[in-house]
Amino acid sequence: MSKHSLEQIARERRHVTQADMAKDLAALGLQTGDVVMVHSSMSSIGYVVGGADAVIDALLEVVGDTGSVIMPSLVRGGLSVEERFRIWDIEKSPSDVGRITEVFRQRRESLRSWHPTHAASAIGPLAHELTKDHQHASGRPSPWGDAAFAADSPWEKMCGLGAKYTFLGTNYRTCTLFHYIQALFAERSTTEFARTAPWPNFDFTEMGAAFEKRYPVTVGHVGEAETRLFMACDLRDFGLSALRDNPVPFFRKRPGDEFMIWHAEGRHRKL
Ligand SMILES: CC(C)(COP(=O)(O)OP(=O)(O)OC[C@H]1O[C@@H](n2cnc3c(N)ncnc32)[C@H](O)[C@@H]1OP(=O)(O)O)[C@@H](O)C(=O)NCCC(=O)NCCS
């Protein structure tokens, strides 16, 4: 059964068109030529006239022919990592991180990276660059294997390409880039100490709040959806330095966390 009745949404919520969303996205700072990663919740926007396609078209309209849009295309389904590797089919496995991401993945011009747990889909001139070689990536261990957040993953490439990052009706809690930061930090600790740090399982919401105090994050609305826009590389830089210098606030709700014990031992100092 549907969480939200569409009739109810149509009756009670603001009707939001592609033109409205394009205007709102531009007001937030999205521009022609941008590369932008989008996490989304369609029901947060209001009643979207034209559904998920209208949201996708609004994003593509604002970045224009020279810009690229990228979305998570993750398969989770409550399955273990091993099961997800077993059932993965790049053509058929649906993205289960929101309706907009699944419609985006199915667009004819959409390219998807090859990864059973942390694929991304992209449209635009940089789509090929962003999504290629995920299947050949390796060398950066994570709970999802050593390719998910490796150098050839879209998650690292988007930072290198100066991508913007947006939460369209979502928030830091479902920010996949935080997993990339965790993997990068764990990798750096190994390089420096020949000893891997325990996985830094920090509180995403707390880290997001602290990030906003230090780096520019534009907060506005797309339709009725609270929306944030910032630079992917800013979040990466902030996350890495916070884990190195003062991770305490981000583990408050996790007393006795293995990472904090490792950090308290002074293992992080040379990072
Ligand atoms: C989980 C999540 C996707 C749920 O958001 P949501 O708005 O409820 O769901 P979707 O974005 O899939 O949109 C579908 C819902 O929009 C509603 N909807 C359908 N057509 C609509 C329209 N034209 N206008 C507005 N809402 C509409 C429907 O009620 C539908 O709900 P249903 O599937 O229960 O029928 C969202 O909260 C979230 O976390 N998004 C980020 C996910 C992510 O990127 N994760 C990354 C790793 S953890």
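Structural notes, computed from the coordinates. On a predicted model such as this, the values are computed, not experimentally measured, just so you know. (Residues numbered from 1 in each chain as written. Predicted model: local features only at pLDDT ≥ 70, side-chain atom pairs only at ≥ 80, totals over all residues.)

Describing the overall build of the protein chain
- Along the backbone of the protein chain there are 11 helices and nine strands.
- Taken over the C-alpha trace, the protein chain has a radius of gyration of 19 Å; the compact-globule value for 271 residues is 18 Å, and the two agree within 12%.
- Along the first, second and third principal axes, the C-alpha atoms of the protein chain reach 55 × 40 × 40 Å.
- The burial tally for the protein chain puts 45% of its 271 residues in the buried class.
- Taking the contacts inside the protein chain whose residues are at least 6 apart along the sequence as the reference set, 71% of them involve residues at least 24 apart. (Helix = DSSP H or I, 4+ residues; strand = E, 2+ residues; numbered from the N terminus. Rg over C-alpha atoms; globule rule 2.2 N^0.38 Å. Buried ≥ 20, exposed ≤ 12 C-beta atoms within 10 Å, placed from the backbone. Contact = placed C-beta atoms within 7 Å.)

Observations regarding the environment of E91
- Note that E91 resides in the loop between α4 (81-87) and α5 (99-106).
- For E91, a count of 6 C-beta atoms within 10 Å puts it in the exposed group.
- For the pair E91 and Y215, spaced 124 residues apart in sequence, the C-alpha to C-alpha distance is 38 Å.

Considering the environment of R14
- Within the element layout of this structure, R14 appears in the loop between α1 (6-12) and β1 (15-16).
- Overall, the presence of 12 C-beta atoms within 10 Å leaves R14 in the exposed class.
- Placed 33 residues apart in sequence, R14 and Y47 show a C-alpha to C-alpha distance of 5.9 Å.
- With sequence-adjacent residues up to four places away left out, R14 is seen in contact with G46, Y47, G223 and E224.

Notes on the packing of helix α3 (residues 51-63) against α5
- Look at α3 against α5: their axes get within 9 Å of each other, and the N-to-C directions meet at 75°. With respect to α5, the element α3 is oriented roughly perpendicular. On α5, the residues that touch A52, D53, V55 and I56 of α3 are R99, I100, V103 and F104.
- In terms of residue class, the contact of α3 with α5 is built from six nonpolar, no polar and two charged. (Axes fitted to C-alpha atoms, helices over the stretch in contact; angles between N-to-C directions. Parallel < 35°, antiparallel > 145°, perpendicular 65-115°, else oblique. Nonpolar A, V, L, I, M, F, W, Y, C, P; charged D, E, K, R; others polar.)

A word on unusual backbone geometry
- Look at D133: it is not a glycine, yet its phi comes out positive at around 70°.
- Summarising the element assignment, D133 is placed in the loop between α6 (127-131) and α7 (154-160).
- Taking the number of C-beta atoms within 10 Å as the measure of exposure, D133 has 18 and is therefore partly exposed.

Let's talk about the pairing of strand β8 (residues 218-222)
- Relative to strand β9 (residues 225-231), β8 runs antiparallel, the two being bridged by five bridges. The residue bridging T218 from the neighbouring strand is L229, located in β9. (Pairing = 2+ DSSP bridges.)

Some points on the pairing of strand β2 (residues 35-40)
- Summarising burial for β2: six of the six residues are buried, a large majority.
- Neither face of β2 is open: one carries V35, M37 and H39, the other V36, V38 and S40, and all of them are buried.
- Where β2 lies against strand β4 (residues 68-72), three bridges are found, and the strand directions are parallel. Across the sheet, the residue bridging to V35 is S68, located in β4.
- Pairing analysis gives five bridges linking β2 to strand β7 (residues 164-168), with the strands arranged parallel. Among the inter-strand pairings, S40 is bridged to a residue of β7, identified as L168.

A look at the sheet that holds β2
- On the basis of which strands lie adjacent, the open sheet formed by seven strands has the order β5-β6-β4-β2-β7-β9-β8 and mixed pairing. Of all the strands in the sheet, the pair left with one neighbour each is β5 (111-112) and β8.
- Contacting β2, β7 and β9, helix α10 (residues 232-245) runs over the sheet at an angle of about 75° to β9.

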